[in-house]
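# Remarks on the overall topology
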Amino acid sequence: MSNIVKPIIFVTGKGGVGKSLFAAGLALNLSAKGRRVLLVELGSNSFYQNFLNIPVVEFDPRPVEKNLDIAIWNTDSCLRQYVTFYVKVEKLYDIFFENKIMREIINASPALKELAILGKITSGIREIGPPLDYDHIVIDSYSTGHHKALLMAPKGISKVFHHGPMGHHSQKMVEVIKNAEICEQVVLFKAEDLPTTEALELVQFLKDEFGSNPQLVCNQFLEIPNEISKSDRADLRFYQKYMEQQQINLGRINGEFLKIPYILEEKTGMELARALSEEHINELTRQ
C-alpha cells in the first residue's frame, strides 16, 4: 500500500461515501505530523463550515488549527485571481468577464471552468500566480464523474490550443497530474454495488489516462458489533446479509486497499475527522 505524502492529494469517490470526512481526517493527520497543510473544498457552498464548526470558509485560506488552513475554491474566484494577478487591475477583470456575453461563453464551456480550478490547484507547483506555501494541498474533490471532467479539462484544451498561454498552461497541468512524485489520487468507496463499480471504473480511468496508481479506500467497512451478535437476532440477520454483499464487492478488487471501519459512536464532525486521523489514516501517511 502506497503512502499518501504527495504535495497535491485529490480525494474523490461517489457521492455519499464519506470523501469530505476522509479528506478532513487526512489533512488533520498530515498537519499533526508538523507539515503545513491546506484543505480545499471545490464549489460555492462550504460543507466544512458547519460540519467542522468553522466560523467562515472563504477563497483565501483561514487557519483551522496549528499547521492546517482551509479554503473553498470555485470557478469565478480562481479565474478572477489568475487574471488580476497578471493584469494587476481588477477593474479590467470586471470589464471582460462580468459582462453578459463573456459570462455566457464561460457558462457554455465547462472545460474552461474546470481549467480555472485545476489551474489554481496546480499553481503553486507550477509557480504561477500567488505562492501557496504548503507542504500538502488536500483537495476534497468532486464526485467521480465530475472529477474525471476536472482532470480531463487541460487535456482537451491542449489539443485545441497547441501554442500560446492557454495551451502551455494546460500542458503543464497535465504534467503535474501525471507526475507520481507530485500528485496522488485517493478513491473512496463503500462496499456496495454502485460505489464499488464507480470506484473501480475511476481507478482504471486514472491508470489509462494519467498513468496514476490510485489509493483505494473502503469506507464504513462493517463488522458485527459484539453487543448485537449476543442479543438481537433481527439485527444480526441484517448485519450478516450486509456483510455477505460487502464480501462479494470487496472480492471484485485486485490489489491492496485500506479499510476504514464504520464508526458507530455519536460524534461531532471534528471528532469524527480526528478519530479517522488518529486511528485509521496513519497507515497511509507513514514515511
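The structure displayed is predicted, hence computed values, not measured ones.

Cut-off values and rules
- Residues numbered from 1 in each chain as written.
- Predicted model: local features only at pLDDT ≥ 70, side-chain atom pairs only at ≥ 80, totals over all residues.
- Heavy atoms only, no water.
- Helix = DSSP H or I, 4+ residues; strand = E, 2+ residues; numbered from the N terminus.
- Buried < 20%, exposed > 50% of the residue type's maximum accessible area, 1.4 Å probe, protein only.
- Contact = heavy atoms within 4.5 Å.
- Areas by Shrake-Rupley, 256 points an atom, 1.4 Å probe, with all protein chains shown as cover.
- Core = buried A, V, L, I, M, F, W, Y, C linked by side-chain atoms within 4.5 Å.
- Lys, Arg positive; Asp, Glu negative; His and termini not counted.
- Salt bridge = Lys/Arg side-chain N within 4 Å of Asp/Glu carboxyl O.
- Phe/Tyr/Trp six-rings, centres within 6.5 Å; stacked < 30°, edge-to-face > 60°.
- Lys NZ or Arg CZ within 6 Å of the ring centre and 35° of its normal.
- Pairing = 2+ DSSP bridges.
- Right-handed = clockwise from strand over helix to strand, strands pointing away.
- Axes fitted to C-alpha atoms, helices over the stretch in contact; angles between N-to-C directions.
- Parallel < 35°, antiparallel > 145°, perpendicular 65-115°, else oblique.
- Left-handed = near helix turned anticlockwise from the far one by under 90°.
- Nonpolar A, V, L, I, M, F, W, Y, C, P; charged D, E, K, R; others polar.
- Expected span 1.5 Å × (residues − 1).

## Observations concerning the overall build of the chain
- Scanning the chain from N- to C-terminus turns up 14 helices and 8 strands.
- Every one of the 287 residues in the chain was classed for burial, and the buried ones make up 50%.
- At a minimum sequence separation of 6, the contacts of the chain that also span at least 24 residues come to 72%.
- Accessible area of the chain: about 14,500 Å², with a carbon and sulfur share of 51%.

## Describing the nonpolar core
- Of all hydrophobic cores here, the largest spans 43 residues; its most connected members are Phe10, Leu42, Trp73 and Ile121.
- Among the elements that line this core, the one with the most residues is helix α10 (residues 193-210), at 6 residues.
- Setting aside residues no more than four positions away along its own chain, Phe10 makes contact with Leu118, Ile121, Ile139, Ser141, His147, Leu150, Leu151, Cys183, Glu184, Gln185 and Val186.
- Of all hydrophobic cores here, the second largest spans 35 residues; its members include Leu39, Ile54, Val57 and Leu272.

## Considerations on the side chain of Glu114
- Along the polypeptide, Glu114 turns up in helix α6 (residues 110-121).
- Lys113 provides the closest opposite charge to the buried, salt-bridge-free Glu114, at an N-O distance of 7.4 Å.
- The residues touching Glu114, leaving out its near neighbours within four places in the chain, are Tyr142, His146, Ala149, Leu150 and Ala153.

## Quick word on the packing of aromatic side chains
- Throughout the structure, instances matching the rule amount to 5 aromatic pairs.
- Each ring, one from Phe47 and one from Tyr48, has its centre 5.6 Å from the other, and the planes form 65 degrees; the classification is edge-to-face.
- Taking 4.8 Å as the distance between ring centres and 25 degrees as the angle between the ring planes, the aromatic pair formed by Phe47 and Phe51 counts as stacked.
- Phe47 gets classed as partly exposed once you look at its relative accessible area, which sits at 38%.
- Three or more aromatic residues joined by ring pairs form one cluster here, namely Phe47, Tyr48 and Phe51.
- Against the face of Trp73 rests Lys120, its NZ or CZ located 5.2 Å from the ring centre.
- The ring of Phe210 carries Lys155 above its face, with NZ or CZ at 5.0 Å from the centroid.

## Brief notes about unusual backbone geometry
- Phi at Asn53 takes a positive value of approximately 55 degrees, unusual for a residue other than glycine.
- The phi dihedral of Gln220 falls on the positive side, at around 55 degrees, and the residue is not glycine.
- Mapped onto the elements of the fold, Gln220 is located in strand β7 (residues 215-221).

## So, the pairing of β7
- Counting buried residues in β7 gives 6 out of 7 residues, a clear majority hidden from the surface.
- Pairing geometry for strand β6 (residues 183-189) and β7, over 4 bridges, is parallel. Bridge assignment links Leu188 to a residue of β7, and that residue is Val217.
- Crossover β6 to β7 through α10 is right-handed.
- In this structure, β7 lies alongside strand β8 (residues 258-261), joined through 3 bridges in parallel fashion. For Val217, the partnering residue across the bridge sits in β8 and is Leu258.

## Quick word on the environment of Ile128
- Along the chain, Ile128 turns up in the loop between α7 (123-126) and β5 (136-140).
- The exposure class assigned to Ile128 is buried, which follows from its relative accessible area of 15%.
- Distance from Ile128 to Tyr82, taken between C-alpha atoms, is 8.5 Å for residues 46 residues apart in sequence.

## Some remarks on the packing of helix α1 (residues 19-32) against helix α13 (residues 269-279)
- At their nearest, the axes of α1 and α13 sit 8 Å apart, and the two run at 60 degrees to each other. Our classification of the angle between α1 and α13 gives oblique. Between α1 and α13 lies a crossing whose hand is right-handed. On the side of α1, the interface is formed by Leu21, Phe22, Ala24, Gly25, Leu28 and Asn29, while α13 contributes Gly269, Met270, Leu272, Ala273, Arg274, Leu276 and Ser277.
- Counted by class, the contact of α1 with α13 contains 8 nonpolar, 4 polar and 1 charged residues.

## A closer look at helix α9 (residues 164-178)
- The end-to-end C-alpha distance of α9 is 22 Å, a good match for the 21 Å that 15 residues give at a rise of 1.5 Å each.
- For α9, the set of buried residues is Gly167, His169, Ser170, Met173, Val174, Val176 and Ile177.

## As for the sheet that holds β8
- Spatial ordering of the open sheet is given by β3-β4-β2-β5-β1-β6-β7-β8, a layout of 8 strands whose pairing is mixed. Each edge of the open sheet is held by one strand with a lone partner, namely β3 (62-65) and β8. Ignoring strand direction, the axes of neighbouring strands in this sheet form an average angle of 25 degrees.
- Pairing between strand β1 (residues 8-13) and β5: 4 bridges, direction parallel.

Keep in mind that these numbers describe shape and distance, not what the molecule does.
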